[in-house]
Amino acid sequence: MQRGPILHPDRCFSAARLQRLAAATLIALLLVLRTGSVRAGDPPVGVVSHIKVLSDKVADVSSLEAWKNSFIKPGMTDEQKVVALWKSSVSFVYQDAPPIELLHEGCVHDTIKSFNVYGYGMCCCASARIEQMARYLGLQARGYGIYAHSVPEVCWDNEWHLLDGSLANYFTRLDGKIASLSDVTQAVQGWLKEHPDCRGNGAKLDQFQRADGWTGWKRGPALLANCAFYDSGGWWPARTHGWASTMQEYDGSHGTPFPFEYGYSQGYEVNIQLRRGERLTRNWFNHGLHVNGVLKDGDTPGCLTAKVGEGSMAFLRGLGDLTDGRIGSGRREYEVPLADGSFRTGALAVENVACQIEDHQQPAIHPRDASQPGRFDLGMPSSYVYLNGKAVLNSVVGPGGKVRLLFSDNNGLDWHEAAAIDRSGEQTIDLGKFAFRRYDYRLRVLLDGAGTGLNRLFLAHDIQCSQRALPALDQERNTITFSAGPREGTVTIEGSTQGGKQGKQLTPMDFHPVLKEIEEQFFRVKKDGASVTFPIATPGEMTRLRAGGHYRLRDERDQWDLQVSFDGGQSFKTVDTQTGPYQGICKYVTLTDIPSGTKAAQVRWVGRERNTTCLFLLRIDADYRHPHGGFAPVRITYTWEEGGIEKKDVHVAKSPNETYQITCAAKPKMKSVALELDE
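Keep in mind the model is a prediction, meaning the values are calculated, not measured.

Draft legend 1. Looking closely at the pairing of strand β25 (residues 542-553). Burial analysis of β25 places eleven of its twelve residues in the buried class, the great majority of the element. Sheet topology places β25 next to strand β30 (residues 613-625); ten bridges connect them, and they run antiparallel. Across the sheet, residue R552 finds its bridge partner in β30, namely C614. Looking at chain direction, β25 and strand β28 (residues 582-591) are connected through eight bridges and run antiparallel. For G548, the partnering residue across the bridge sits in β28 and is Y588.

Draft legend 2. Representation of the side chain of E488. Along the polypeptide, E488 turns up in strand β22 (residues 488-494). A distance of 3.0 Å separates the side chain of E488 from the side chain of T543, its partner in a polar contact. Non-local contacts of E488, meaning those with residues more than four positions away in its chain, are made with S49, H50, N271, Q273, T543, R544, D623, Y624 and H626.

Draft legend 3. Here's a closer look at the environment of D409. Tracing the backbone shows D409 in the loop between β16 (402-408) and β17 (416-421). Along the sequence, D409 and F434 sit 25 residues apart, while their C-alpha atoms lie 7.8 Å from each other. A distance of 3.0 Å separates a polar atom in the side chain of D409 from a polar atom in the side chain of R438.

Draft legend 4. Examining the sheet that holds strand β33 (residues 657-664) more closely. Reading across the sheet, the four strands line up as β8-β1-β21-β33 and stay open at both edges, with antiparallel pairing between neighbours. The strands lining the two open edges of the sheet, one partner per strand, are β8 (272-274) and β33. In this sheet, neighbouring strand axes are inclined to one another by 30° on average, regardless of whether the strands run parallel or antiparallel. For strand β21 (residues 476-483) and β33, the ladder comprises eight bridges, and the chain directions are antiparallel. Residue pairing in the sheet places E476 in a bridge with C664 of β33.

Draft legend 5. Here's a closer look at unusual backbone geometry. Across the junction of G485 and P486, the peptide omega takes the value 5°, indicating a cis bond. Relative to the helices and strands, P486 resides in the loop between β21 and β22. With an omega of 5°, the peptide bond running from G580 to P581 counts as cis. The residue P581 is located in the loop between β27 (573-579) and β28 in this model. Despite not being glycine, W214 shows a phi value in the positive range, around 65°. By the element assignment, W214 lies in helix α7 (residues 202-214). Under the relative-accessibility criterion, W214 is labelled partly exposed at 29%. Within the chain, E476 stands out as a residue other than glycine whose phi angle is a positive 75°.

What counts and what doesn't
Residues numbered from 1 in each chain as written. Predicted model: local features only at pLDDT ≥ 70, side-chain atom pairs only at ≥ 80, totals over all residues. Heavy atoms only, no water. Buried < 20%, exposed > 50% of the residue type's maximum accessible area, 1.4 Å probe, protein only. Helix = DSSP H or I, 4+ residues; strand = E, 2+ residues; numbered from the N terminus. Pairing = 2+ DSSP bridges. Polar contact = N/O pair within 3.5 Å; in protein donor to acceptor, adjacent residues only side chain to side chain. Contact = heavy atoms within 4.5 Å. Axes fitted to C-alpha atoms, helices over the stretch in contact; angles between N-to-C directions.

That's the geometry; what it means functionally is another story.
So, in structure tokens, the structure goes:
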């Protein structure tokens with residue numbers, strides 16, 4: 001008697017299990033068709049990361065490394081490097097009322113965030129940028145406070161040199177070298193000794209500047225008279241400040257200029273990530289929205305309505321600015337693909353959820369086992385600051401059932417209920433109070449009860465972006481470069497050590513650190529050996545850790561050790577040490593020696609104090625490999641106007657690296673660039 005194959009009991013498939021396997025195979029096939037992944041054994045692509053669309057008319061400033069590649073060329077002298085970084089700062093960030101995130105102890109002090117998200121800031125922001133970029137290039141830098149202003153210095157050729165990235169100037173000595181702060185103060189104060197009636201007298205100085213048809217200022221200090229950045233009337237490029245204000249800022253009558261580290265955060269990068277159903281639109285215009293205006297936590301910047309090429313922004317045309325304005329609005333939308341189950345590859349976790357394509361049951365998603373809640377978590381990282389948010393749901397709620405939305409802005413450590421829905425139909429949930437000022441959050445959806453589920457989940461946010469960094473077009477031919485990859489995401493720890501301003505922002509304490517002999521505010525060390533330890537976990541295999549902060553170490557014996565553990569805290573390795581004496585110094589390091597398979601680490605700062613040892617602006621970034629990351633075709637839609645007529649270019653990038661051309665017959669008025677995975 002012929003016998004069939006013997007099946008092990010564990011390998012026997014029930015009809016239900018066979019149905020699920022068939023459904024899973026169908027989902028994978030659909031995803032292969034949609035994403036273009038054709039290699040045998042390839043997992044379905046759920047997330048495409050590090051998407052870039054660059055124009056040959058605008059430099060890539062998406063990260064410090066990209067900025068360096070754009071502006072720092074082989075063979076440059078140190079002076080040429082610093083002039084290039086100064087020019088990049090002046091080009092991409094305009095002097096205006098600064099953005100307030102309540103995250104950086106005040107204004108936004110992060111070069112790459114300032115370039116890409118905002119494009120405007122004040123003198124303290126500019127000083128921090130110059131210092132950050134110079135140190136990234138391996139040069140010494142420091143900041144100074146002067147009267148009603150702040151300026152940075154950078155050291156090369158064993159000399160300090162002042163470059164003002166805020167008022168867009170520097171001074172050149174007779175020997176052709178860029179002057180130091182000391183050179184400027186000596187020149188100003190030496191002249192004022194001969195003209196004591198002008199010291200501290202703004203009206204008198206203004207009168208002197210205006211004399212003889214706005215040429216009087218040229219009879220002032222020679223160092224200033226020879227400065228190439230004053231116009232013929234003695235005004236700096238933006239014409240908001242000029243010779244008269246310079247003479248007051250450096251006159252010393254309000255105290256000697258003092259060293260001051262304004263501090264900066266480092267770690268933010270532009271990493272545009274897309275899933276099926278997700279669309280990012282960035283506009284060369286704004287809807288009147290800006291980060292200060294939502295809760296009135298700061299002044300309205302003039303560049304919200306001011307025009308590039310006019311008034312105080314006229315000089316920006318000469319720096320390559322093709323935009324009409326500085327503040328841009330944008331929109332991030334995510335129509336979560338529920339019914340076919342493809343949302344799974346873009347989710348952080350899915351438990352006990354069945355989809356319509358799997359069991360042919362309604363609604364589109366529902367608990368697989370109705371006796372237990374179904375759950376899925378979505379990560380919502382953004383390269384641009386969220387200004388508001390909403391969730392639109394079409395829910396079906398069975399008898400006694402409920403659909404709940406939970407929100408986490410501290411990497412899933414804590415959850416807050418955003419909505420509890422006990423009736424069927426369409427619901428709109430305001431997520432703005434949770435998402436405002438955030439760059440990342442997690443949304444958990446809980447489906448409880450038989451017959452309960454969702455037919456639709458749509459997430460939308462307005463974002464803020466700087467028009468200056470967007471890939472603008474110009475008249476005639478434009479070369480567009482598209483790239484995608486590596487397939488990485490980032491989990492970030494960052495918060496205000498000043499307490500988050502009454503709950504309006506995250507603090508480091510929201511990330512559950514363990515403190516030992518250290519104060520919560522400013523992490524001031526109480527005794528030697530004091531420490532603060534942060535746990536950090538990633539959804540996929542960790543690829544690198546980036547960490548650091550703004551250190552206060554007033555005594556030469558004050559010290560901070562940065563340490564890392566990959567074995568649950570059983571052992572720590574010191575990866576960086578910073579000693580004093582510094583009123584303040586910023587330092588950030590990158591660790592790439594990560595044990596294979598790592599998904600969790602502990603990052604610890606250990607302090608030693610003799611005078612004052614504090615830690616501000618700490619930031620930890622854990623980069624990880626997306627479990628369902630890869631490449632899928634990306635649709636790029638440019639919209640602009642020529643002579644009042646709308647033009648559009650749609651290109652589908654079918655490989656991770658492509659170059660193509662867009663030709664504008666006339667000077668374009670840029671409108672938007674939108675990105676989404678091609679269906």
